[in-house]
Amino acid sequence: MSLLEIRNLTVEFRTASGLFRAVDSVDVTVENGDLLAIVGESGSGKSVSMLAVMGLLPWTANITADKMEFDGHDLRSLSAKARRQIVGKDISMIFQEPMSSLNPCFNVGYQIKETLRIHMGMGRRERHTRAVELMTQVGIPDPEKRLSAFPHQMSGGMSQRVMIAMALACKPKLLIADEPTTALDVTIQAQILDLLTDLQETTDMALILITHDMGVVAETVDRVMVQYAGQRVEEQMVDKLFANPHHPYTTALLAALPERAQSRHLPTIPGVVPGQFDRPQGCLFSPRCQFADARCKSQPPGRAGQELGSVLCHYPLVDGAPLNKEAS
Amino acid sequence: MSQVLQNQMDKRQAENKQVAKKPILIARDLKRHYEVGGGMFSKSSTVRALDGASFTLTPGRTLAVVGESGCGKSTLARVVTMIEQATEGALEIEGDAIGEKLAQGNKELRAKVQIVFQDPYGSLNPRQSIGKTLMEPLLINRPDISAKERETRARDMIAMVGLREEHFDRYPHMFSGGQRQRIAVARALMLDPKILVLDEPVSALDLSIQSQILNLLVDLQDRLDLAYLFISHDLSVVRHFADDVMVMYLGKPVEQGSMETVFSQPRHPYTKALLSATPVADPTRKSKRIKLSGELPSPMNLPQGCAFNPRCWRASEKCRSTRPVLTGAGDGAGTDLGDHLAACFHPLEDED
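Residues numbered from 1 in each chain as written. Chains lettered and ligands numbered in written order. Predicted model: local features only at pLDDT ≥ 70, side-chain atom pairs only at ≥ 80, totals over all residues. Heavy atoms only, no water.

Colleague: When you look at the overall build of chain B in this model, what are you seeing that I'm missing?
Modeller: Secondary structure summary: chain B contains 12 helices and 12 strands in total. Sorting the 352 residues of chain B into buried and exposed places 52% on the buried side. Only carbon and sulfur atoms are counted for the fraction: they give 49% of the accessible area of chain B, which is about 16,500 Å². (Helix = DSSP H or I, 4+ residues; strand = E, 2+ residues; numbered from the N terminus. Buried < 20%, exposed > 50% of the residue type's maximum accessible area, 1.4 Å probe, protein only. Areas by Shrake-Rupley, 256 points an atom, 1.4 Å probe, with all protein chains shown as cover.)

Colleague: Sorry, what's going on with the overall build of chain A here?
Modeller: Helix and strand counts for chain A come out as 12 helices and 13 strands. For 328 residues, the compact-globule formula gives about 20 Å, and the C-alpha radius of gyration of chain A, at 21 Å, lands near that figure. For chain A, the spread of C-alpha atoms along the three principal axes comes to 70 × 50 × 40 Å. In chain A, which comprises 328 residues, the share counted as buried stands at 55%. Within chain A, contacts between residues at least 6 apart in sequence are counted, and of these 64% link residues at least 24 apart. Taking the 32 positively charged and 37 negatively charged side chains of chain A as two groups, their mean positions are separated by 7 Å. (Rg over C-alpha atoms; globule rule 2.2 N^0.38 Å. Contact = heavy atoms within 4.5 Å. Lys, Arg positive; Asp, Glu negative; His and termini not counted. Charge placed at Lys NZ, Arg CZ, Asp CG, Glu CD.)

Colleague: How should I be thinking about the packing of helix H7 (residues 177-189) of chain B against helix H8 (residues 207-224) of chain B in this particular structure?
Modeller: The relative placement of two packed helices is expressed as an angle between their axes plus a distance between the axes. All names here are of chain B. Contact geometry for H7 and H8: axes closest at 10 Å, N-to-C directions at 20 degrees. One finds that H7 runs roughly parallel with respect to H8. The way H7 lies across H8 gives a crossing that is right-handed. When H7 is examined against H8, the residues Gly-178, Gln-181, Arg-182, Val-185 and Leu-189 are found in contact with a partner set consisting of Ile-209, Gln-212, Ile-213, Leu-216, Leu-217, Leu-220 and Leu-224. Partitioned by chemical class, the residues of the contact of H7 with H8 number 8 nonpolar, 3 polar and 1 charged. (Axes fitted to C-alpha atoms, helices over the stretch in contact; angles between N-to-C directions. Parallel < 35°, antiparallel > 145°, perpendicular 65-115°, else oblique. Left-handed = near helix turned anticlockwise from the far one by under 90°. Nonpolar A, V, L, I, M, F, W, Y, C, P; charged D, E, K, R; others polar.)

Colleague: Please clarify how helix H1 (residues 46-54) of chain A should be interpreted in this entry.
Modeller: An α-helical turn contains 3.6 residues, so a residue and the one three or four places further along point in the same direction. Residue and element names in this part refer to chain A. For H1, the buried fraction is high: 8 of the 9 residues fall into the buried class. Of all the residues in H1, the buried ones are Lys-46, Val-48, Ser-49, Met-50, Leu-51, Ala-52, Val-53 and Met-54. Looking at the residues trailing H1, positive phi occurs at Gly-55, about 75 degrees.

Colleague: Looking at this structure, I do not really get the sheet that holds strand S3 (residues 35-39) of chain A. What am I missing?
Modeller: In a beta sheet, neighbouring strands are held together by backbone hydrogen bonds and run either parallel or antiparallel to one another. All names here are of chain A. Reading across from one edge, S7-S8-S9-S3-S10-S11 is the order of the 6 strands in this open sheet, with mixed pairing throughout. Bordering the open sheet on either side are strand S7 (91-94) and strand S11 (231-237), each of which pairs with just one other strand. Each neighbouring strand pair of the sheet contributes to a mean axis angle of 20 degrees, computed without reference to strand direction. Alignment of S3 against strand S10 (residues 223-228), held across 4 bridges, turns out to be parallel. By the bridge assignment, Ala-37 is partnered in S10 with Val-224. (Pairing = 2+ DSSP bridges.)

Colleague: In this structure, what is going on with the interface of chain A and chain B? I would like to understand it.
Modeller: In many analyses, interface size is given as the accessible surface area lost on bringing the parts together. With 41 residues of chain A at the contact, the number on the chain B side is 40 residues. For the pairing of chain A and chain B, the buried interface totals around 3,700 Å² over both sides, and the portion due to carbon and sulfur atoms is 54%. For the pair chain A and chain B, the number of links is 1 salt bridge. Note that Arg-264 of chain A is salt-bridged to Asp-222 of chain B, the shortest N-O span being 4.0 Å. (Buried area = accessible area lost by both parts, 1.4 Å probe. Salt bridge = Lys/Arg side-chain N within 4 Å of Asp/Glu carboxyl O.)

Colleague: Before we go on, may I ask you to explain the pattern of salt bridges in this structure?
Modeller: Opposite charge on two side chains permits pairing when their charged atoms draw close. Scanning the model with the defined rule gives 30 salt bridges over all chains in all. Salt-bridge contacts for Glu-5 of chain A lead to Lys-67 of chain A; the nearest nitrogen and oxygen are separated by 3.2 Å. Taken together, the residues span a long stretch of sequence, with Glu-5 of chain A in strand S1 (residues 4-15) and Lys-67 of chain A in strand S5 (residues 67-70) at a distance of 62 residues. Take Glu-5 of chain A: its relative accessible area is 16%, and that puts it in the buried class. For the salt bridge of Glu-68 of chain B with Arg-311 of chain B, the shortest nitrogen-to-oxygen distance reads 3.1 Å. Here Arg-311 of chain B lies in the loop between helix H11 (269-277) and helix H12 (317-321) and Glu-68 of chain B lies in the loop between strand S3 (62-66) and helix H2 (73-80), a separation of 243 residues in the sequence. When sorted by exposure, Glu-68 of chain B lands in the same class as Arg-311 of chain B, which is buried.

Colleague: Please explain the environment of Val-80 of chain B as it appears in this structure.
Modeller: Residue and element names in this part refer to chain B. Summarising the element assignment, Val-80 is placed in helix H2. The buried category is assigned to Val-80, whose relative accessible area is 0%. As a C-alpha pair, Val-80 and Cys-319 span 239 residues in sequence and 31 Å in three-dimensional space. When neighbours within four sequence positions are excluded, Val-80 is seen to be in contact with Leu-25, Phe-55, Leu-91, Val-113, Val-197 and Leu-229.

Colleague: I keep staring at the sheet that holds strand S1 (residues 25-37) of chain B and nothing clicks. Help me out?
Modeller: Residues and elements named next belong to chain B. One open sheet accounts for 4 strands, arranged S2-S1-S4-S5; its pairing is antiparallel. Looking at the sheet topology across the chains shown, the edges are occupied by strand S2 (44-57) and strand S5 (96-97). In this structure, strand S4 (residues 88-93) lies alongside S5, joined through 2 bridges in antiparallel fashion. Across the sheet, the residue bridging to Glu-92 is Ala-97, located in S5. Across the sheet, H2 touches S1, S2 and S4, and the angle it forms with S2 is around 65 degrees.

Colleague: How do you make sense of unusual backbone geometry when you look at a structure like this?
Modeller: What is expected of a backbone is that most residues other than glycine have negative phi and most peptide bonds are trans. We note that Ser-25 of chain A has phi near 40 degrees; this positive angle belongs to a residue other than glycine. In this fold, Ser-25 of chain A is placed in strand S2 (residues 18-30). When its relative accessible area of 31% is taken as the criterion, Ser-25 of chain A is described as partly exposed. The phi torsion at Glu-200 of chain B lies on the positive side, around 50 degrees, for a residue other than glycine.

Colleague: Can you help me understand the packing of helix H4 (residues 108-120) of chain A against helix H7 (residues 156-168) of chain A in this one?
Modeller: All names here are of chain A. One can describe the packing of H4 onto H7 by two numbers: an axis separation of 8 Å at closest approach and a directional angle of 20 degrees. Overall, the two elements H4 and H7 adopt an arrangement that is roughly parallel. Judged by the twist between their axes, the crossing of H4 over H7 is right-handed. Of the residues in H7, those touching H4 at Val-108, Gln-111, Ile-112 and Thr-115 are Val-162, Ala-165 and Met-166.

Here it is, written out as structure tokens:
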């Protein structure tokens, strides 16, 4: 049995102007010790699908799924009380902005120990020992003293470490890191990513990394899932994805990286991600795709086999050239 | 890449080399200090946000300033755009030395340097249509231009940055992030500046949009012969975009030189660490990262000697007591770009 198994997850928001589909039939499978990245541009629904797992979406969201199971619990039918037993303990999440995710009114020691008190039922002394241990683990110097520091007294990198310490407090089976390093400098980013991957290796914890930075993806994870406009358009092991992307979107995204540039002009993807009102018929990427033809514009594509990265495309690319195109 | 493009590029590079253009902006030992604190009972202290930067900007070339947050990049941008006055040092634009009097109220001079900020939404007035936004600089700085002429120029500019005619009457919230950044660039260009300061212009944008804006900036530079001061923390963008690089640490440049030499043979350990920390989108490359322990020290309380010594793996006794100065390789010390300068007692050699 997989640690996290999601089948056909769809999230729609009820907005004043009608339903907006943020996540469109997404499947995610995560095993113990997995290292998965979900990449996509802003608005691709990568955060929303994970917030649905955590049960953190507002009441305006309609969540439907054929299956949404974590460690044997059915997340769809779980009561709020039962969910609270799991979230924060077995699944935990780190958010993008450490400064705004910490409570400014309490010192960080209190905030770390709170989790330990509620989920683990530890005594005062035990909590303190564990909190110091966690602070040391995430590389905060002088942990005893730092426990009584308030969030505003810490730098961005330190606050993010505190967030990680909180997330790790109950030894979660799954850690979801939503752009954990986007607000940080590269030197601090390197430290945080090393910390996360070390933890994943030593504790058999599964890690889902949500990011838009292809460099971070290449250096950190094993498996990559590419999302576009709420859909899972491709999923491959990281080295295969970078060597031979099968979806035109992935290909275009990789080509737009400045470090892969062959000339002063970078290849671009024309247009923008479709919004609520300009959702195209057929393939959602077709208006921006250089290979799109009439079929792409009228019929939604089916999913290709695993050998082709399970891409959602009529003409999956192999070594940069579309497949089956001549046949049709 | 097509052969034609390659040829064009080579040609452009050759042209740049042949005609050694005169620098349009010369900065010598620029400093900007702030007094902070100093209440009834406490003494005030000085933050040396920018502590001695010398560089030149040349038409058609890009100087990139890189470093962690808090290293003084943005302070430098504010001093160059004359938003703030330098505490010490000399700034010269087209031969005019910028003093207190010259910067104040001298519209001609201010028009020569324009800036594009990181967050395009925060820097556009939500209640002004794009047309108004673009015409405003002309209205204030060039009162002799007629209303009709203003509108023509604004419409031309909209076309030049790749927006459409009908965008003229729209408001900032109706645009995507990339389009807003185009508007911000258009506004900066309305007064025909010679120098454009780009303060993290693509950091807030998605990858696919980032490349569009970078291409636009490249085109504009070629067409208008602009000098760019490009501030960024993303080294992969800098590598693609810049001609010269200045690496800053805690208010001081620690390494300066042409992009190729700085990136291929970094001499300062900090540059090397920054380069190795930048993630590269290539999973087959498993290089060893240099781990920098600790974070940037507080600029109010700088360490003795070299500011980088507490985080440096090559630091010696000398580094803890004496401050290194920028010295050159090859041609000897000088502030001419082309020299490769580094402020380090134990610079890295090629094989390190």
